Amino acid sequence: QVQLVESGGGLVQAGGSLRLSCAASGIVYNINDMEWYRQAPGKQRELVATITSSNTTNYTDAVKGRFTISRDNAENRVSLQMSSLKFEDTAVYYCTARRLVAGDDIDYWGQGTQVTVSS
């Protein structure tokens with residue numbers, strides 16, 4: 001099992017910045033992709049950013065140029081630096097980790113952290 005705990009959410013004005021962090025614990029070997037998702041009220045959960053075990057990154061178009069995902073494999077941690085925040089970035093942000101177990105990918109989720117951007 002992998003436990004994920006997010007931190008760093010909060011209230012920020014539009015144009016401001018926040019840094020989310022996610023700490024992984026438990027059985028943390030064979031973790032491949034780590035991702036950040038978000039879910040805004042009344043909307044479906046969406047993938048925000050991905051980082052592979054070799055640090056290849058990918059972002060949804062809405063956050064390209066504003067958000068940066070990074071990971072520290074020694075610390076078993078993934079972060080999301082969010083800049084130039086917009087009202088529409090308001091959501092609960094979830095960290096995920098994908099671990100290879102007996103040939104299958106298993107996804108683990110954190111409990112989420114609220115990000116609120118005031119306009």
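Residues numbered from 1 in each chain as written. Predicted model: local features only at pLDDT ≥ 70, side-chain atom pairs only at ≥ 80, totals over all residues. Heavy atoms only, no water.

S.K.: Pulling in residues and values, what's your account of unusual backbone geometry?
M.R.: Of note, the phi angle at Ser84 is positive, near 45°, even though the residue is not glycine. Looking at the secondary structure, you find Ser84 in the loop between strand E8 (77–82) and strand E9 (91–101). One non-glycine residue with positive phi stands out, namely Ala102, at about 50°. With respect to the helices and strands, Ala102 occurs in the loop between E9 and strand E10 (104–109). (Helix = DSSP H or I, 4+ residues; strand = E, 2+ residues; numbered from the N terminus.)

S.K.: So, the packing of aromatic side chains: which residues are in play, and what are the values?
M.R.: Inspection of the entire model under this criterion finds two aromatic pairs. Note on Tyr37 and Trp109: the rings are 4.8 Å apart at their centroids and 45° apart in plane angle, and the pair reads as tilted. Pair noted here: Tyr37 is in strand E4 (residues 31–39) and Trp109 is in strand E10, with a separation of 72 residues, a long-range link. Residue classification places Tyr37 among the buried positions, given a relative accessible area of 18%. (Phe/Tyr/Trp six-rings, centres within 6.5 Å; stacked < 30°, edge-to-face > 60°. Buried < 20%, exposed > 50% of the residue type's maximum accessible area, 1.4 Å probe, protein only.)

S.K.: Run through the environment of Tyr108, naming residues and quoting values.
M.R.: Tracing the backbone shows Tyr108 in strand E10. Expressed as a C-alpha distance, the spacing of Tyr108 and Arg98, which sit 10 residues apart in the sequence, is 6.4 Å. In this structure Tyr108 touches Gln1, Val2, Leu4, Cys95, Thr96, Ala97, Arg99 and Val101, once residues within four positions along its chain are discounted. (Contact = heavy atoms within 4.5 Å.)

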